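Structural features, examined
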Amino acid sequence: MKCPKCESENTQRLEVAFHSGTQNISTTSNSAGVGIGSGGRIGFGGGVTKTSGQSQSVLAAACTPPAKKPYKWPAIVAFFGLLMGLSGFKDMSTILAGLPLLGIGAFSGYVLYFRFQFNSKEWPKVYQYWVESWICHKCGGIYHQA
Ligand SMILES: [Zn+2]
């Protein structure tokens, strides 16, 4: 692949650039230090630092694949909104109090439905577009070519 802008051959698929710049890390580093305090006293200090998670280069961050929309929060809000709203169906006053909760629950259900639609229909297209895109390491441009 040749960059259409700067004509550099130094290009890479976004997928490759992303994976080569992202790694799972789990390290334990020991550090020790000696310091001289006031009055000429010598003190020793030490520490253990644990680091875990994902380490990502700036380049990899720029090549991140499109994310699916999460279900967690709308699912939780929909569940409790409907549950609490429906639990008010005993007499008129609690029904009225529960109506806003039902509304919130129903709205969250709609958000959930919308996200499901996006994840199952739109996301595969966006992801495919990402898979077919590549980056130029010289000028930093990102291009799409199937
Ligand atoms: Zn370029």
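That block above? That's the structure.
Described below are features of the structure shown in this document.

1. Digging into helix α3 (residues 72-86)
Relative to the 21 Å expected for 15 residues at 1.5 Å per residue, α3 spans 21 Å between its end C-alpha atoms, a close match to the ideal helical length. Buried residues belonging to α3 abut α4 (92-131).

2. Some words on the coordination of the zinc ion
Distances from the zinc ion to its protein donors, namely Cys3 (SG), Cys6 (SG), Cys136 (SG) and Cys139 (SG), fall within the range 2.2 to 2.3 Å. Between the 4 donor atoms coordinating the zinc ion, the angles at the centre fall across 105 to 117 degrees, so the site counts as tetrahedral. Summarised as a motif, the one-chain spacing of the donors to the zinc ion is C-x2-C-x129-C-x2-C.

3. Details of the packing of aromatic side chains
Summed over all chains, the structure comprises 5 aromatic pairs. Ring centres of Phe79 and Phe80 lie 5.2 Å apart, and the angle between their planes is 85 degrees; this geometry places the pair in the edge-to-face category. Its relative accessible area of 43% is what places Phe80 among the partly exposed residues. An aromatic cluster is defined as three or more aromatic residues linked by ring pairs; in this entry it consists of Phe18, Trp123, Tyr127 and Trp130. Lys68 extends its terminal NZ or CZ atom over the ring of Trp123, reaching a point 4.7 Å from the ring centre.

4. Describing the pattern of salt bridges
Any two side chains of opposite charge can pair if their charged atoms end up close together. With the rule as written, the count across this model stands at 1 salt bridge. Lys125 is the partner of Glu122 in a salt bridge, and the nearest nitrogen-oxygen pair spans 3.5 Å. Separated by 3 residues within a single helix, Glu122 and Lys125 lie in helix α4, roughly one turn from each other.

5. What about the nonpolar core?
One finds Leu14, Ala17, Phe18, Ala60, Cys63, Trp130, Val131 and Ile135 forming the largest nonpolar core, which totals 8 residues. Top contributing element to this core by residue count: helix α1 (residues 14-20), with 3 residues. With near-sequence residues (within four places) excluded, Leu14 lies in contact with Cys63, Trp130, Ser133, Trp134, Ile135 and Ile142.

6. Section: the packing of α3 against α4
Between α3 and α4, the shortest axis-to-axis distance is 7 Å and the interhelical angle comes to 150 degrees. In terms of orientation, α3 lies roughly antiparallel with respect to α4. The chirality of how α3 crosses α4 is left-handed. In this structure, α3 contributes Pro74, Ala75, Val77, Ala78, Gly81, Leu82, Met84, Gly85 and Leu86 to the contact, and α4 contributes Gly98, Leu101, Leu102, Ile104, Gly105, Ala106, Ser108, Gly109, Val111, Leu112 and Arg115. Taken together, the residues of the contact of α3 with α4 break down into 13 nonpolar, 6 polar and 1 charged.

Cut-offs used in this document
- Residues numbered from 1 in each chain as written.
- Predicted model: local features only at pLDDT ≥ 70, side-chain atom pairs only at ≥ 80, totals over all residues.
- Heavy atoms only, no water.
- Helix = DSSP H or I, 4+ residues; strand = E, 2+ residues; numbered from the N terminus.
- Expected span 1.5 Å × (residues − 1).
- Contact = heavy atoms within 4.5 Å.
- Donors = N, O, S within 2.8 Å, 3.2 Å for Na, K, Ca; no water.
- Tetrahedral: all angles 85-135°; square planar, octahedral: opposite > 155°, others 65-115°.
- Phe/Tyr/Trp six-rings, centres within 6.5 Å; stacked < 30°, edge-to-face > 60°.
- Buried < 20%, exposed > 50% of the residue type's maximum accessible area, 1.4 Å probe, protein only.
- Lys NZ or Arg CZ within 6 Å of the ring centre and 35° of its normal.
- Salt bridge = Lys/Arg side-chain N within 4 Å of Asp/Glu carboxyl O.
- Core = buried A, V, L, I, M, F, W, Y, C linked by side-chain atoms within 4.5 Å.
- Axes fitted to C-alpha atoms, helices over the stretch in contact; angles between N-to-C directions.
- Parallel < 35°, antiparallel > 145°, perpendicular 65-115°, else oblique.
- Left-handed = near helix turned anticlockwise from the far one by under 90°.
- Nonpolar A, V, L, I, M, F, W, Y, C, P; charged D, E, K, R; others polar.

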